[in-house]
2 protein chains.
Amino acid sequence: MNPLPPPGLLNVMPDRLSTFCLAVLRAAGADAASAEACQASVMHGSLHGVDSHGVRLLPHYVEGLRGGRLNGAPRLRFERRAAAAGIMHGDHAQGALPTYAAAEEACAMAVEAGVGAVGIRDSSHFGPAGAYAIRIAERGKVGLVFGNSDAFVRLHEGAARFHGTNPIAMAAPAPGGDPWLFDMATSAIPFNRVLLCASTGRPLPEAVASDVAGRDTHAPEAVEMLAPLGGAFGYKGAGLAGMAEILAAVLTGGGLSRDLLAMGGPDFSTPRGLGAFVLALDPAAFVGAEAMARAIARYLVALRASPAVEGGRVMAPGDREWAERDRRNRQGVPLDPDTAAAFRRLAGETGAALPFDD
Amino acid sequence: MNPLPPPGLLNVMPDRLSTFCLAVLRAAGADAASAEACQASVMHGSLHGVDSHGVRLLPHYVEGLRGGRLNGAPRLRFERRAAAAGIMHGDHAQGALPTYAAAEEACAMAVEAGVGAVGIRDSSHFGPAGAYAIRIAERGKVGLVFGNSDAFVRLHEGAARFHGTNPIAMAAPAPGGDPWLFDMATSAIPFNRVLLCASTGRPLPEAVASDVAGRDTHAPEAVEMLAPLGGAFGYKGAGLAGMAEILAAVLTGGGLSRDLLAMGGPDFSTPRGLGAFVLALDPAAFVGAEAMARAIARYLVALRASPAVEGGRVMAPGDREWAERDRRNRQGVPLDPDTAAAFRRLAGETGAALPFDD
């Protein structure tokens, strides 16, 4: 994984970037639906400033498609097991396609039954969890998404990798604008932050990562595992990771974090069998869509007007992402040098037109 | 609120404590169902070591019943609005009765529809969120519970009370034993911890509470508000509080934290209009009950065997609570002096037999 790019290094316009992703994924063996879903998810990351889950993952997914870890022509199967619940069998697709499909099934069930919950299995890394929560909010539903991933985060007082960075995301529709959007890893920091500190020579913050014995470390090069969110109250972060693990893996038949093949290889030929979990709640089946819209509008106005500490700024979850999206749509997406180099290689291998002028 | 009691100060056997709670609640005007639900919720807290949400709340609930804030003879009404969703109208009951009832309705819908989600409104403080999640797990379902409460926690970089300590709880059934149980406040610490530091003269930990200007403070007497979970990453704690706020209040028609009358009064006559949200997921509608049982058993074995840091101890969420329950069932529940004094007063006023020998 690469550190986040210094801003403004190489700016690429989103339409060219999206076209490049699609072409490269198709050339690597993804069918049209898989390529479309994958590019939508990485473009979500790159547009909203979540660069760790943006187009820098494209070479990774290409490696999975070429190696056989990812099935480029998956036959998804949705097994509806009750009025409001079912399992999406991912046929080892790249994670975006089955997760978007599960979000749509959850919304369709929510229209009928008030709620729709879909467990996903035989999937793979799905990128930014928020992308799927937004999709549900775009359908007028409250969306929740949970995932797990290969073990990289210790337990509270633990000294071994146990959970993945297990994300939790939620989006709620807000009238006349972007949804309330919250997308968090249950680790104290993302691994990218460790790499960023390593490359800049700065020490890590307090109590966010541990050495091989589970002891806190400030030295990026000593990091063997991440700490769960919460510092001295890390049992909360570990518990939140457990929520995601139980919903995404235990309830669906997906692999536990500790049993998953490492995302980064070296094995790129064996499917990883990841699970995930999405939930859609229809406001019409609770307080009603109009009352919900009024309430969330009032909540957001109050939140954004809440006083800030001197030198600080109060924002609603998502506000930073929407501002970044608007800026990047105008000014382009910054590409880090390693990703740019990988893109040059992929362009040479596939004949896809580079999205930037070299 | 009182600091947590020094252990072993005055030990009361659970059966006597429960009988006392019931008698006092009935004498204060609670009908049989309300009294039973309320004592079950506070006994959950007191048995499992969650003393902040245990029997020390009894005098508080009595004050609400006597003042009229709480309706001692509520007529609950469950409005099923879809196959998997509905609203529980609490008729301003003490919070335990409508929340237990919502948990039962959610389970019943989950049997039919795979999932059951119930928004609760016109309720009041429900005590320990975990009590209701456990009830759902006892029915063989995965249970989630969200609540909000009057504003006492600032936003990330905020300088004003905005969210309550908004709890999130989840329980998942585990074969042959107690469920996996997770119950957290989304604030960095409970307010009780502030009071405990005040009474012992110890400074507060880093970045857990703020003064009137929103600045971190170590001085308990300067605390005007709590910080959201996460320290420098407090946007995560604030976002988790927002999840609970949206599910418990925005989606249900309950009051926003900032609009709620303070739990501690002085107004004990006006109903507070709290919301809450419970969700039940039937494993049979996902991977299947047997496969889920095998997976969670395997997960718990792995978790408990995960190596600990030197001097530390790894536990599954809930393990501390079950151990404490077993100990307290044998040895009794410790009562802090203020609660013991309030019990003497309540015994005198109501004629209920004191649960300890004075």
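Residues numbered from 1 in each chain as written. Chains lettered and ligands numbered in written order. Predicted model: local features only at pLDDT ≥ 70, side-chain atom pairs only at ≥ 80, totals over all residues. Heavy atoms only, no water.

An unreviewed UniProt entry annotates chain A as Malate/lactate/ureidoglycolate dehydrogenase, LDH2 family originating from Rubrimonas cliftonensis. Of chain A, the UniProt comment under Sequence similarities (unreviewed entry) reads exactly: "Belongs to the LDH2/MDH2 oxidoreductase family." (UniProt positions renumbered as here; feature names shortened; annotations may be inferred.)

A word on the interface of chain B and chain A. Of the residues lining the interface, 83 residues belong to chain B; the matching set on chain A comes to 83 residues. Interface of chain B and chain A: buried area, both sides summed, is about 6,200 Å²; carbon and sulfur atoms make up 75% of it. Three residues, Lys236, Phe286 and Tyr299 of chain B, lead the burial of chain B against chain A; their summed loss comes to 12% of the area buried on that side. For the interface between chain B and chain A, the tally reads two salt bridges. Among the ionic pairs, Asp259 of chain A bridges to Arg298 of chain B, the shortest N-O distance being 2.9 Å. (Contact = heavy atoms within 4.5 Å. Buried area = accessible area lost by both parts, 1.4 Å probe. Salt bridge = Lys/Arg side-chain N within 4 Å of Asp/Glu carboxyl O.)

Looking along a regular strand, one sees side chains alternate from face to face of the sheet. All names here are of chain B. Strand β3 (residues 85–89) sits mainly inside the fold: five of its five residues count as buried. Across the two faces of β3 the burial is the same, with Ala85, Ile87 and His89 and Gly86 and Met88 all buried. Relative to β3, strand β2 (residues 77–82) is paired through five bridges, and the arrangement is antiparallel. The residue bridging Arg80 from the neighbouring strand is Gly86, located in β3. From the end of β2 to the start of β3, which pair antiparallel, there are two residues. Pairing geometry for β3 and strand β4 (residues 115–123), over five bridges, is parallel. Paired with His89 across the bridge in β4 is Arg121. (Buried < 20%, exposed > 50% of the residue type's maximum accessible area, 1.4 Å probe, protein only. Helix = DSSP H or I, 4+ residues; strand = E, 2+ residues; numbered from the N terminus. Pairing = 2+ DSSP bridges.)

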